[in-house]
Amino acid sequence: MRSFFSPNISEYMTPLPTDSMSPFPTEYDATNEKEMNFLSLSSLDTRGDPEYEDVFNHLKLTFPPFITTLFAPITWIFDHRPLCWIRSCVKDLILATRVSVVLRPIATNEEVLRNPHITKEIDRLSSIKGGESRESLLKRAHKIINRMATRQRDWVLRIFYILLSFLFRTMFRSVHIDRNGLLKFHEKWEKLEKGVGVMFLPTHKSHIDYLVLSYVSAIYDLPLPVIAAGDNLNFPIIGALFQHSGAFFMRRSLGDDTLYRVILEGYLEEVLKSGSTLEFFIEGGRSRDGTILPPKYGLLNVVLEAVKSGRLKDVCIVPISVDYEHCPDIYSYVKYMMGGKKKKESLMGLLKNAHSILSTHCGDAFVTLGSPLSLQELLKKMETEDSTLDVRHEVKYVGAHVCRAMRNNSVMTTSCLASAALMEFPADQWVSEAEVAVRIDHLRSWLHAVGAFEGYSSWSLSILHQFVNSFPELVERDGKMIRAKSNTHDMITMYYYRNQCIHYFLADAVVLHIFSVLQKQSHDGTVSLVDLVPVVDLVCRIISAHIPFNHVQSAPAIEALVSRGLLVVQDDMVSLGQCEQSYVHFCMSLVAPLIDSVWVVSDVIRNLGPNASQHEVEYNVLIVKCMEMIHALEKEGAMYFSFVANTQMVRNNIEGLVNACVLKKRKEGSNYFISLSEGYNETAKLIALHESLGGLRVDMRKVKIVDEEENEVDLTNDVIGLMVDVKKKK
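Worth saying up front: this structure is predicted, and the values here are computed from it rather than measured. (Residues numbered from 1 in each chain as written. Predicted model: local features only at pLDDT ≥ 70, side-chain atom pairs only at ≥ 80, totals over all residues. Heavy atoms only, no water.)

In this section: the packing of aromatic side chains. We describe a pair of aromatic rings using the distance from one ring centre to the other and the angle between the two ring planes. A full pass over the atoms with the stated rule returns 18 aromatic pairs. Relative to Phe-366, the ring of Tyr-52 lies with its centre 5.5 Å away and its plane at 80°, an arrangement referred to as edge-to-face. Of this pair, Tyr-52 sits in strand 1 (residues 52-54) while Phe-366 sits in strand 8 (residues 363-369); the two residues are 314 residues apart in sequence, bridging distant segments of the chain. What makes Phe-366 buried here is its relative accessible area of 1%. Aromatic pair Phe-505 and Phe-586: ring centres 5.1 Å apart, planes at 90°, arrangement edge-to-face. Of this pair, Phe-505 sits in the loop between helix 21 (488-498) and helix 22 (506-521) while Phe-586 sits in helix 25 (residues 581-604), placing them 81 residues apart in sequence. The pair Phe-505 / Phe-586 is uniform in exposure class, with both members buried. Aromatic rings pair up to connect Tyr-161, Phe-168, Phe-172, Tyr-215 and Tyr-324 into one cluster. Between Arg-288 and the ring centre of Tyr-336, over which it is positioned, the NZ or CZ distance is 5.3 Å. Of note, Arg-697 hangs over the ring of Tyr-640, and the distance from its end group to the ring centre comes to 4.3 Å. (Phe/Tyr/Trp six-rings, centres within 6.5 Å; stacked < 30°, edge-to-face > 60°. Helix = DSSP H or I, 4+ residues; strand = E, 2+ residues; numbered from the N terminus. Buried < 20%, exposed > 50% of the residue type's maximum accessible area, 1.4 Å probe, protein only. Lys NZ or Arg CZ within 6 Å of the ring centre and 35° of its normal.)

Okay, the pattern of salt bridges next. Scanning the model with the defined rule gives 31 salt bridges in all. Here Arg-124 and Glu-121 are joined by a salt bridge, their closest N and O atoms 2.7 Å apart. One end of the pair, Arg-124, and the other, Glu-121, are both in helix 6 (residues 116-126), 3 residues apart, so they sit about a helical turn from each other. Residue class for Glu-121 comes out buried when judged on its relative accessible area of 11%. Among the ionic contacts, a cluster of salt bridges with common partners joins Glu-132, Arg-140, Arg-251 and Asp-257. (Salt bridge = Lys/Arg side-chain N within 4 Å of Asp/Glu carboxyl O.)

A separate point is empty space enclosed by the protein. According to the stated counting rule, one finds 6 cavities of 30 Å³ or more in the structure shown. Its boundaries defined by the atoms lining it, the largest cavity holds a volume of some 80 Å³. Lining the largest cavity are 12 residues, and of these Gly-290, Thr-291, Ile-292, Arg-407 and His-503 lie nearest its centre. Its residues placed into classes, the lining of the largest cavity shows 4 nonpolar, 6 polar and 2 charged. (1 Å grid on protein atoms, 1.4 Å probe; cavity = no way out; pocket = protein on both sides within 12 Å on 5 of 7 lines; lining within 4 Å. Points joined across faces, edges and corners; volume = space filled by probe spheres on them. Nonpolar A, V, L, I, M, F, W, Y, C, P; charged D, E, K, R; others polar.)

Our next topic: the confidence of the model for the chain. Scored by pLDDT, the chain comes out at a mean of 81, with 79% of its residues at no less than 70. Highest mean pLDDT in the chain belongs to helix 18 (residues 414-422) (94); lowest belongs to helix 29 (residues 710-729) (46). The model gives residues 1-21 a pLDDT under 50, and that stretch makes 34 contacts with residues more than four places away or in other chains. The low-confidence segment residues 722-730 (pLDDT under 50) makes 4 contacts with residues lying over four places distant or belonging to another chain. (pLDDT = per-residue confidence, 0-100. Contact = heavy atoms within 4.5 Å.)

Here is the structure:
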């Protein structure tokens, strides 16, 4: 099949005159597109091949047969409530003595300060006229490293193991670990040269992510990680406990303190030179909407520069995905997305948050290890696969690979599958279990087609039942009929879980949504490329802000659908090919709420136009104004989706309009300010943009899922009812 898109998309668009009031930008910022193009062409394998086992069943106590027989009556008593917890505690105490705590000796604080990189900076600072004396600098350096460095202790880690065993048995039904990923890592780890360290880069979805990884590391003989933690968590007593269990503390912002910066760099070098494992969250903070956040490059850049300069031989990067059936922090995330403020970390806040997390039953957890990446090998591949590589942006390429690996190795949980299926139906509408199970079945087949990992192999109906039983606060049940609750809090919760799979479908979803809208406006069911491409191009750039480093560009997105036969192009006219209506509906259900949100944002930014009293607004003020507008429209019944009242969705759409060169963003101190781009300083153009986005809005309550006859659904109900009866008899 010929490629009907050239690299220059403008060849497929009628050139616009400079005074045109078209809502679509004539120029885009292509800064991030080079990284995405390189990422899509990279031959580096970052996907794992997971095969899961339950961590709780990995370590078992075995005794001679005569002892087992002798103590069988006592064992039977302690296997049942209320005494079963005593048996678990005794088992954990015994196993704690058998756990292999793999600790690598790290340089002492004095040895760290003798690092050439640090001594050179101290010499430079002490030589500045009128600056600090050498004695003062050394005193400050000792204070910094003593507050920063970890103090891992074997006995503290074994106590932590006992506490975590009891805690996780209470919180989780099971913790699944990827056996194949462990095997690959052990093979790579055993072959590492002396002086080559390891970096664990996990997803950050909860405060307990690092606890899960440390627990798994202790059980499976992995090197226990040295974990980067924000200095704001260094509370009295609690901070010391964290340090003795493997945490080191660093400031969130280094500012102009060059001494602190080089001590941090030197400490990280010494940790990795010792062959220890460094763990930090490349996303910087916890993801509050279920997606992978854009990477923060600070620590990654420190390690990259150390490798490039030869201070480190190499580093083995291990991307890790940690997924939960029920996210422990979900309630605080929903509160934040509904407009709540992020509170500063405090000891009381930590204890209160810990109580909320620990009292939540989280179902199943999954830990998936991606293929280990050699940083040196990654840099060499970049040079050979892209001769135009800008060395100043190497850290962005590495971050993109890591984020893609974390996303590709994520697991589709019951909460993700069931939420995505239920959100296709209008909120508060009763539907049969059969209909929802069929939707889950379709979703699983689409996910399997794109290579997604699924944590369950049971029937779709069983997955639905598990979700309903685990989330009674989200779903109502009446016999074989269920419905999702329609209040904003519960819908945002389901939106969070659905977002865990959105990256697999986003490119298809944008194109199919826009094509479906334009198709309804046409007379013959076809859409011209000239009409389709500019709209898709604009929306792709806006929507891409929701999924960083997801390859959502108009030309590749449309071409991918054509190559799979879902769209057909003939004489530059596009029509629907062999595409299931159910897939089109699902894709539209993903994009329609995002269009609803960006439509509101496009209305609010009209107040920054040429006739407005102010032409620039602080970022958070703009978010507040957008939320106020959404609530006002919701009262009028003009909003199609209640969960659009979501600060994270609004924030992403503002970033998307910045990507599309509709808005500009500048930083002043610690604040960001938003203004209109030069091309949108005309009121008529802002109105045209708002009306064009409004034309893409779809009320999914009025769109049928499939055009099938009712008796097919009734038959499905009968068949599923029969399956349930057979299962009960078994």
